[in-house]
Amino acid sequence: MWDNSAFISYLSQSGMENSWEQIIYPGMKKCLIGCMLATQETMESCTKKNCFELYGADFMLTQDLKPWLLEINSSPALGPTTNVTARLCANVLEDVIKVTVDRLKNKNADTGGFEIVYKQQPVQQPQYSGIALTIQGSKLPTAPRNERMLIQDGLQYYNSTKLRISPTNDSLQALFAEAESLTK
């Protein structure tokens, strides 16, 4: 396993001197910013003031060194499984304290390896998150349990006592907009 310095040195020795600064690191930041913006309204673990969540992101690189995001883990394992991770994880924990404690008292405090890559006002969480949808209306006529009903172009639905709705992003956005208009 390599750390960042060893990887940059490898890139330089392989004739790709500026690849980290020009392709890889900007691409990683772009992926992470996009993911955080796309999910900011649904992040529930840290809705209180003076709270934070540490995330770990895994990337792979294409042959032309463009980063592809594989996954993002909340509360990643910070165990010293190798010499490299032992040093990196200790640095991350120290830097978390710098950002969460030192910077609270002094906005110009050292942040270690952390940097602000995007800044905006905090996003207000919607009052309705779409987790527990309820349906109001009249009961649909039921068919015997073994009989199949056809709903929407060939989608099969087996009759049961419960109806499950899986909303799409578009329908959730419409629900949020409707909920917001009702609270005004």
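The notes below deal with the structure included here. No experiment lies behind these values; they were computed from the predicted model shown.

**Quick look at the nonpolar core**
Phe7, Leu11, Trp20, Ile24, Met28, Phe59 and Leu65 form the largest nonpolar core, which has seven residues in total. The element contributing the most residues to this core is helix H2 (residues 19-39), with three residues. Discounting residues that sit within four places of it in the chain, Leu11 has contacts with Met16, Glu17, Ser19, Trp20, Ile24 and Leu65.

**Regarding unusual backbone geometry**
The phi dihedral of Leu65 is positive, around 70 degrees, even though this residue is not glycine. In this structure, Leu65 sits in the loop between strand S1 (55-61) and strand S2 (67-74). Phi angles above zero are rare outside glycine, and Ser75 is one such case at about 50 degrees. Here Ser75 lies in the loop between S2 and helix H3 (83-105). Accessibility expressed as a relative area gives 55% for Ser75, which makes it exposed.

Calculation rules
- Residues numbered from 1 in each chain as written.
- Predicted model: local features only at pLDDT ≥ 70, side-chain atom pairs only at ≥ 80, totals over all residues.
- Heavy atoms only, no water.
- Core = buried A, V, L, I, M, F, W, Y, C linked by side-chain atoms within 4.5 Å.
- Buried < 20%, exposed > 50% of the residue type's maximum accessible area, 1.4 Å probe, protein only.
- Helix = DSSP H or I, 4+ residues; strand = E, 2+ residues; numbered from the N terminus.
- Contact = heavy atoms within 4.5 Å.

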